[in-house]
Amino acid sequence: MSDNSIALVPEDPRFVPDAAKQRQARDRFAEIAPEAVEIEGKFSESVVFFDCGGNFERICCPSCGAEIPVEWWQNRMDEDHNDGFKLAAYAAPCCGKKSTLNELVYEWPQGFGRFALVAINPNIGELDDRYKLELEEILGTKLRVIYQHM
Ligand SMILES: [Zn+2]
């Protein structure tokens, strides 16, 4: 059996909600996805990468929409990572416009952060928009929804 999880990551990669809000959001997520094997808040001192696993299809430039070669992206990932990701701005190989690794358009979505709320095998399909809004309200931040397929 393969595993799926839903990771909710703040759009601001350095944002960490306070502990009470983390608990409140965790409890609410558990009500939304009662069949989830586990729901956990993940916290790290530095910015880490949350990938979508087997759901990965491609990466596009947020400025011109061109597809970005995975090899270029992998090199920027290596360059950017030093005790966590710095998320510096890099000139895209297509149009030269600068963006951070977090601003690139990932299909499916991927993201960076110091905090994530993760539901393992939630068995709810896609997270309904109204639940996303509700969890954003609780955590006090816009969230990026990352569907991870292991
Ligand atoms: Zn471009």
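As a starting point, this report considers the structure included with it.

Some remarks on the sheet that holds strand S7 (residues 111-120)
Then, number 1: Strand order in the open sheet formed by 4 strands is S2-S7-S1-S8, with antiparallel pairing between adjacent strands. Two strands close off the open sheet at either side, each with one partner strand: strand S2 (38-50) and strand S8 (143-149). Taking the axes of each pair of neighbouring strands and ignoring which way they run, one obtains an average angle of 25° across the sheet.
Then, number 2: Bridge analysis of strand S1 (residues 4-10) against S8 gives 7 bridges, and the strand direction is antiparallel. Each bridged residue has a counterpart across the sheet, and for Pro-10 the counterpart in S8 is Leu-143.
Then, number 3: Seen against the sheet, helix H1 (residues 19-32) touches S1, S2 and S7 and runs at an angle of roughly 40° to S7.

Things to note about the pattern of salt bridges
Then, number 1: Throughout the structure, instances matching the rule amount to 11 salt bridges.
Then, number 2: A salt bridge links Glu-40 to Lys-42; its shortest N-O distance comes to 3.9 Å.
Then, number 3: It is possible to trace a salt-bridge network through shared partners that takes in Arg-28, Glu-31 and Glu-134.

So, the coordination of the zinc ion
Then, number 1: The zinc ion binds to the protein through Cys-61 (SG), Cys-64 (SG), Cys-94 (SG) and Cys-95 (SG), with metal-donor distances spanning 2.3 to 2.4 Å.
Then, number 2: Coordination at the zinc ion comes from 4 donor atoms whose angles at the metal span 102 to 122°, giving a geometry best classed as tetrahedral.
Then, number 3: The sequence pattern describing where the donors of the zinc ion fall on their chain is C-x2-C-x29-C-C.

Reading the values: rules and limits
Residues numbered from 1 in each chain as written. Predicted model: local features only at pLDDT ≥ 70, side-chain atom pairs only at ≥ 80, totals over all residues. Heavy atoms only, no water. Pairing = 2+ DSSP bridges. Helix = DSSP H or I, 4+ residues; strand = E, 2+ residues; numbered from the N terminus. Axes fitted to C-alpha atoms, helices over the stretch in contact; angles between N-to-C directions. Contact = heavy atoms within 4.5 Å. Salt bridge = Lys/Arg side-chain N within 4 Å of Asp/Glu carboxyl O. Donors = N, O, S within 2.8 Å, 3.2 Å for Na, K, Ca; no water. Tetrahedral: all angles 85-135°; square planar, octahedral: opposite > 155°, others 65-115°.

By themselves, these observations are geometric and do not establish any function.
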